[in-house]
Amino acid sequence: MSPLSRRQLLALGAAGAGAAAVGGAGLWWTGGGGQALGGGRELVQPEVLSSRDGVLDLALEAAPARVRIGAREAHVQAFNGSLPGPTLRVRAGDTLRVSMTNRLEAPTNLHVHGLHVSPEGHGDNPFVSIGPGESFDYEYVLPDDHPPGTYWYHPHHHGHVADQLAAGLYGTIVVEDPDPVPVARERVLVISDLTLDGSGDLAEVTPMERMRGREGETVLVNGRLRPSATAAPGERELWRVVNACPSRFLRLSLDGQTLRLSGRDLGRLPEAVGVTEVTLAPGNRVELLVDTREGTSTLVAAPVDRGGMAGMMDGMMGGTSGRGGSGGDPGSGEPVDLLSLEVAGEPAGHLDPVPPGPSLRDLREESVAARRTLDFAMGGMGGGMMGGGGGPGRMMSFTIDGQEFDAERTDQRVRVGAVEEWTLTNASPMDHPVHLHVWPMQVVAEEGRDASGARWQDVVNVPAFGQVTVRVAFEDFGGRSVFHCHILDHEDLGMMGTLEAR
Ligand code: C2O
Ligand code: CU
Ligand code: CU
């Protein structure tokens, strides 16, 4: 069945499904009367801060914030008071300076996800810790040949990453395309999810939810609940979509519109490819070209089966699985409506064709200096279910090559300038979307098949009991950095390793 016809089948039940999807949030949402939301349903763009003369200098404050979500007040955490934080627009060769202040009660720091910049010192250094009340000045220097694209920023302090993302700390970074596709307008769409309790506070997260990877009951686009946008027929838009959810995968479709994928994570594709749906693991971004046609369309996120712990846990947990449908494993939920696009009015003039992007580097043609295998696993329960002194996070271990994260230990040493081939294996019943900082990965084989074309990503999903082979050119920078599962609860539970390039 094509995604569109599936979508049409679901359309009849959509109102009910939408209500069910948020129903678990209980008081917080249903009190608002569902559709009886006040104004503010329009899609808004985050504030934009652009570089000038090669520099973008800004202050970011991570702090508790009160925002309106739907008809209610929610108590979240935000950069500079808004969900998402400001959109930062820079160019290759620019210097981005961020003076970050922590007004939270927990330590934090800042990561520029996907940027190819130095991991050392005041650069994209994941080992920095900014205590409550403290500040830290980051400086990121983008190389002159930095690929254009949609990147993002979020805190990265081990042990707090999922909590701080789920609370609202994220924002977009755009590296301008020197040869942009002509479009009527661009939209940044940051998709996030969170769960609020009856008083608008962030809900407690159970140990079970952390092990699965929490999925918030409320899914937002640019901090709003099911906003709407308008366009005229015959226009072309560029949508920069960021999956800022801590764990939720997004299988996106937009019925009735012509969609083309023009970028994934980094760079622009040589040719935009027609798609009916596109799947983003947590951390992934896509750039979509939307050629508008009259009518009302809905951007829908269909559930994605990313495995679960049913086999591993159910006996042990005695059915005390989390909220939600059948056992609560991801993929068992209902589709979620994210955004409606109303296309009406006078048709716009004719659309110029999309110019091709530059051809991509292909590491399959380059020689490989080293090959490694990294095993992502969920381990046994040493010491019994809830017992032991390790706390709830220790119910199950999340490891790479049998080890939990240790910032002091260096797990992989690579030579600056080397091209390496890494095989990422997953011995667990859940998917693990693997992310490497600083250096992007080219997928060369997946599920036993060679990849077609030069597919570059900075988050690569390694399916349950599956494996993926990537190549990485460890170029331009030396220093220590990390790789980890981008189900950020898994990262916080230990599924992160360190790497040193020199
Ligand atoms: Cu978006 Cu290390 O993460
Ligand atoms: Cu990252
Ligand atoms: Cu994982």
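Data block above holds the structure.
Residues numbered from 1 in each chain as written. Chains lettered and ligands numbered in written order. Predicted model: local features only at pLDDT ≥ 70, side-chain atom pairs only at ≥ 80, totals over all residues. Heavy atoms only, no water.

(A) Fine view of the environment of R285. Summarising the element assignment, R285 is placed in strand β19 (residues 285–291). By relative accessible area, R285 is classed as buried at 1%. With residues up to four places along the chain from it excluded, the contact list for R285 reads H113, G114, T150, Y151, W152, V241, V242, G263, R264, D265, L280 and D458. Separated by 2.7 Å, the side chain of R285 and the backbone oxygen of D265 make a polar contact. Within polar-contact distance, the side chain of R285 engages the backbone oxygen of G283 at 2.9 Å. (Helix = DSSP H or I, 4+ residues; strand = E, 2+ residues; numbered from the N terminus. Buried < 20%, exposed > 50% of the residue type's maximum accessible area, 1.4 Å probe, protein only. Contact = heavy atoms within 4.5 Å. Polar contact = N/O pair within 3.5 Å; in protein donor to acceptor, adjacent residues only side chain to side chain.)

(B) The coordination of the copper ion (ligand 3), seen in detail. The copper ion (ligand 3) binds to the protein through H432 (ND1), C485 (SG) and H490 (ND1); the donor distances cover 2.0 to 2.1 Å. Sequence positions of the residues that donate to the copper ion (ligand 3) give the spacing H-x52-C-x4-H. Pair noted here: H432 is in strand β26 (residues 432–436) and C485 is in strand β31 (residues 479–485), with a separation of 53 residues, a long-range link. The residues H432 and C485 share a single accessibility class, namely buried. (Donors = N, O, S within 2.8 Å, 3.2 Å for Na, K, Ca; no water.)

(C) The arrangement of the packing of aromatic side chains in detail. Counted under the stated rule, the structure contains six aromatic pairs. With a centroid separation of 5.7 Å and an interplanar angle of 10°, the aromatic rings of Y138 and Y140 are classed as stacked. Across this residue pair, the class does not change: Y138 and Y140 are buried. Considering the side-chain rings of W422 and F483, the 5.6 Å spacing of their centres and the 80° angle between planes classify their relative orientation as edge-to-face. Of the two residues, W422 sits in strand β25 (residues 419–426) while F483 sits in strand β31, which places them 61 residues apart along the sequence. (Phe/Tyr/Trp six-rings, centres within 6.5 Å; stacked < 30°, edge-to-face > 60°.)

(D) Structural detail: the pairing of strand β10 (residues 185–194). With eight of its 10 residues buried, β10 lies for the most part within the structure. Pairing between β10 and strand β14 (residues 236–243): seven bridges, direction parallel. By the bridge assignment for β14, E186 is matched with L238. The pairing of β10 with strand β11 (residues 218–221) spans four bridges and is classified as antiparallel. Looking at β11, one finds that L194 is bridged to T218. (Pairing = 2+ DSSP bridges.)

(E) Representation of the coordination of the copper ion (ligand 2) within the structure. Here the copper ion (ligand 2) is held by H111 (NE2) and H435 (NE2), and the distances to it run 1.8 to 1.9 Å. Taken together, the residues H111 in strand β6 (residues 111–113) and H435 in strand β26 connect sequence positions 324 residues apart. There is no split in this pair, since H111 and H435 are both buried.

(F) Looking closely at the layout of surface pockets. Put simply, the largest pocket is a space of about 970 Å³. Lining the largest pocket are 39 residues; nearest its centre among them are P147, L266, G267, L360 and W456. Elements with a minimum of two residues in the lining of the largest pocket: β16 (258–264), β17 (273–275) and β28 (449–457). Looking at the lining of the largest pocket element by element, the count peaks at five residues for β28. (1 Å grid on protein atoms, 1.4 Å probe; cavity = no way out; pocket = protein on both sides within 12 Å on 5 of 7 lines; lining within 4 Å. Points joined across faces, edges and corners; volume = space filled by probe spheres on them.)

(G) Highlighting the sheet that holds strand β18 (residues 278–280). Spatial strand order, β13-β21-β20-β15-β18: five strands in an open sheet with mixed pairing. Since the sheet does not close on itself, it has two edges, and those belong to β13 (228–231) and β18, each with one partner. Pairs of neighbouring strands in the sheet enclose a mean axial angle of 25°, with direction left out of account. Across three bridges, the pairing between strand β15 (residues 250–254) and β18 is antiparallel. (Axes fitted to C-alpha atoms, helices over the stretch in contact; angles between N-to-C directions.)

(H) Examining unusual backbone geometry more closely. In this chain, L83 is followed by P84 through a cis amide linkage whose omega measures -15°. Looking at the element boundaries, P84 is found in the loop between β3 (72–79) and β4 (87–90). The backbone phi angle of D53 is positive, close to 50°, even though this residue is not glycine. Structurally, D53 can be placed in the loop between β1 (48–50) and β2 (55–69). D53 gets classed as exposed once you look at its relative accessible area, which sits at 81%. The backbone phi angle of D476 is positive, close to 75°, even though this residue is not glycine. Within the fold, D476 resides in the loop between β30 (467–473) and β31.

(I) Spatial organisation of the nonpolar core. Ranked by internal contacts, the top residues of the largest apolar core, which has 39 residues, are W422, W439 and V470. Shared between two domains, this core takes at least three residues from each, and those domains are domain 2 (191–343) and domain 3 (363–501). Core analysis: the second largest hydrophobic core is formed by 32 residues, V90, L104, Y140 and L169 among them. (Core = buried A, V, L, I, M, F, W, Y, C linked by side-chain atoms within 4.5 Å. Domains from an automatic or database assignment.)

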